[in-house]
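Observations on the three-dimensional arrangement
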Amino acid sequence: MEILKQNNDHISGENISKELGVSRTAIWKYINALREEGYEIESITRRGYKLLSTPDILTYEEIKEYLNTEFIGRKIYYFDTLESTNNYAKEIAIEEAEGTTIVAEEQTKGKGRLGRTWLSPKGKGIYFSVILKPKFSPMEVAKVTLLGAAAVNRALDDLGIKSSIKWPNDIVIGGRKVCGILTEMSSELSMINYVVMGIGINANFDQADIPLELQDKATSLKLKNGKNINRRELLAAILNHLEDLYLKFNIDKDLSEAIKVCRDKSAVIGKDIKIIYGKEVRRAKAINIDDQGQLIVQMEDGSREKIISGEISIRNVDDSYI
Ligand code: BTN
């Protein structure tokens, strides 16, 4: 692949085979496999092969040029279609190394929080799960979600897209959701076996990809940005920021940077909210996020409480809630 990418002109099968030390038949097979993946490769007798275009896919091969991590995203399991990247990650998490990432172009049973489904149309979003094996206690796992939210927010910033964080696990633009995070964990009482952090991004959805009943709640980066975004660059940028923030927390016990992002970019602080505990709903005002990532809220009777994690909805100016 590198050879094809580096050559602007045709390169002969013979030259490739010499350079790589493999047979010409092996090269031919490899070229065909690449074509299957969507690479457009011209082949002209006596001149050889030339790469005409690369597909918009989220393989390691395609994101690695943007990746500067040590371990997150360095091993990627890539699928054209999968039920759920979180479910797959959980199946392999025990034997895989930390940082292993599962990416799918489409999910047939994408999972959202609270048993909801996560819409995952093919090639239009970014659906991935990262396997982590943190050294901290299971009690602290909610913080991993905040690291993810801060990483997505920063990565969008890198691409020139301004977004806000709806504590603790959504990224919103203009009050509508563009990204959700589902963190799952397997643990003993005092030790985490693994954490799977699943992130879903409505990247290049068109209006028609969003069901009518969600149109006032969800949007996509493409719809907000006016044009397609580069999914490969965004995925790599998220993994880069995630590793950076994760190492600070896991090694140095320093959550401050992630908390600062969650505060500075908060869609919640200062807003009237509803806190949803199963069927019970309580109204409150979001005051701040503390240094541990908990949401400080003021209840209707004036008392203050801290919420570790949970589901909230924010009141809009028109009195509706998102
Ligand atoms: C939510 O906001 O409810 C969380 C959505 C999480 C969706 C992602 S997409 C990749 C990963 N695999 C899943 O099945 N879910 C998460």
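Before reading further, recall that the structure is shown in the block above.
Before going into details, it helps to say that this report is about the structure given with it. What you see is a predicted model; the values in this text were computed from it and never measured.

The biggest cluster of nonpolar side chains holds 68 residues, and the ones touching the most others in it are Ile-201, Leu-221, Ile-273 and Leu-295. It is helix α8 (residues 231-250) that contributes the most residues to this core, 10 residues altogether. The contacts of Ile-201, once residues within four sequence positions are left out, are Gly-125, Ile-126, Tyr-127, Val-152, Val-178, Cys-179, Leu-221, Leu-234 and Ile-238. Grouped together as the second largest cluster of nonpolar side chains are 13 residues, Met-1, Ile-3, Ile-11 and Leu-51 included.

What follows concerns the site of the ligand. The immediate surroundings of the ligand are formed by 19 residues, with Ser-84, Gln-107, Lys-111, Arg-113 and Lys-177 found nearest. One of the side-chain nitrogen or oxygen atoms of Ser-84 is found 2.8 Å away from an oxygen atom of the ligand. One of the backbone nitrogen or oxygen atoms of Lys-111 is found 2.7 Å away from an oxygen atom of the ligand. In the complex, 99% of the free accessible area of the ligand, which totals 410 Å², lies under the protein chains. Mapped onto the shell around the ligand, the elements with two or more residues apiece are α5 (85-92), β5 (126-132), β8 (176-187) and β9 (192-201). In terms of residues, the shell around the ligand owes the most to one element, β8, which gives four residues. A class-by-class count of the residues in the shell around the ligand yields five nonpolar, 10 polar and four charged.

Let's shift gears to the side chain of Thr-85. One can find Thr-85 in helix α5. Excluding residues within four positions of it along the chain, Thr-85 makes contact with Ile-102, Val-103, Ala-104, Gln-107, Tyr-127, Phe-128 and Ser-129.

Taken together, the five strands give an open sheet; going across it, the order is β13-β12-β11-β10-β14, and neighbouring strands pair in antiparallel fashion. Single-partner strands in this sheet number two, and they are β13 (304-307) and β14 (311-314). For this sheet the average axis-to-axis angle between neighbouring strands, irrespective of direction, equals 45°. Bridge count for strand β10 (residues 272-277) against strand β11 (residues 280-289) is six bridges, and the pairing is antiparallel.

If you trace the seven strands from one edge of the open sheet to the other, you get β3-β4-β5-β9-β8-β7-β6, paired in mixed fashion. Of all strands in the sheet, those with a lone pairing partner are β3 (76-79) and β6 (164-166), marking the two edges. Shown here is a sheet whose adjacent strand axes are inclined to one another by a mean of 20°, direction ignored. Along the sheet, α8 makes contact with β4 (101-104), β5 and β9, crossing β5 at roughly 25°.

This paragraph deals with the pattern of salt bridges. Counted by the stated rule, this structure contains 32 salt bridges. Between Asp-170 and Lys-166 there is a salt bridge whose closest N-O contact spans 3.5 Å. Given a relative accessible area of 7%, Lys-166 falls into the buried group. Arg-315 is the salt-bridge partner of Asp-272, the closest N and O atoms lying 3.5 Å from each other. Of this pair, Asp-272 sits in strand β10 while Arg-315 sits in the segment after β14, and the two are 43 residues apart along the sequence.

Once that is clear, we can look at helix α3 (residues 24-37). Relative to the 20 Å expected for 14 residues at 1.5 Å per residue, α3 spans 20 Å between its end C-alpha atoms, a close match to the ideal helical length. Among all positions in α3, only Ile-27, Ile-31 and Leu-34 are buried. For α3, the arc enclosing every buried residue in end-on projection is 60°, short of the 170-degree limit, so these residues lie on one face. Opposite the buried face of α3, at more than 90 degrees from it, the exposed residues are Lys-29 and Glu-36. On the buried face of α3, the contacting elements are α1 (2-6), α2 (13-20), β1 (40-44) and β2 (48-53). Of the residues trailing α3, Gly-38 is marked for its positive phi of about 115°.

The next subject is the pairing of β8. Strand direction decides the pairing type here: strand β7 (residues 170-173) and β8, joined by four bridges, are antiparallel. Paired with Ile-173 across the two strands is Arg-176, which belongs to β8. Adjacent in sequence and paired antiparallel, β7 and β8 are bridged by two residues, among which Gly-174 carries a positive phi angle near 55°. Pairing analysis gives nine bridges linking β8 to β9, with the strands arranged antiparallel. Following the sheet pairing, Gly-180 is matched in β9 by Gly-200.

Reading the values: the criteria
- Residues numbered from 1 in each chain as written.
- Predicted model: local features only at pLDDT ≥ 70, side-chain atom pairs only at ≥ 80, totals over all residues.
- Heavy atoms only, no water.
- Core = buried A, V, L, I, M, F, W, Y, C linked by side-chain atoms within 4.5 Å.
- Buried < 20%, exposed > 50% of the residue type's maximum accessible area, 1.4 Å probe, protein only.
- Helix = DSSP H or I, 4+ residues; strand = E, 2+ residues; numbered from the N terminus.
- Contact = heavy atoms within 4.5 Å.
- Near = heavy atom within 4 Å.
- Polar contact = N/O pair within 3.5 Å; in protein donor to acceptor, adjacent residues only side chain to side chain.
- Areas by Shrake-Rupley, 256 points an atom, 1.4 Å probe, with all protein chains shown as cover.
- Nonpolar A, V, L, I, M, F, W, Y, C, P; charged D, E, K, R; others polar.
- Pairing = 2+ DSSP bridges.
- Axes fitted to C-alpha atoms, helices over the stretch in contact; angles between N-to-C directions.
- Salt bridge = Lys/Arg side-chain N within 4 Å of Asp/Glu carboxyl O.
- Expected span 1.5 Å × (residues − 1).
- Arc of directions from axis to C-beta.

Everything listed is a geometric property; what it means functionally is a separate question.
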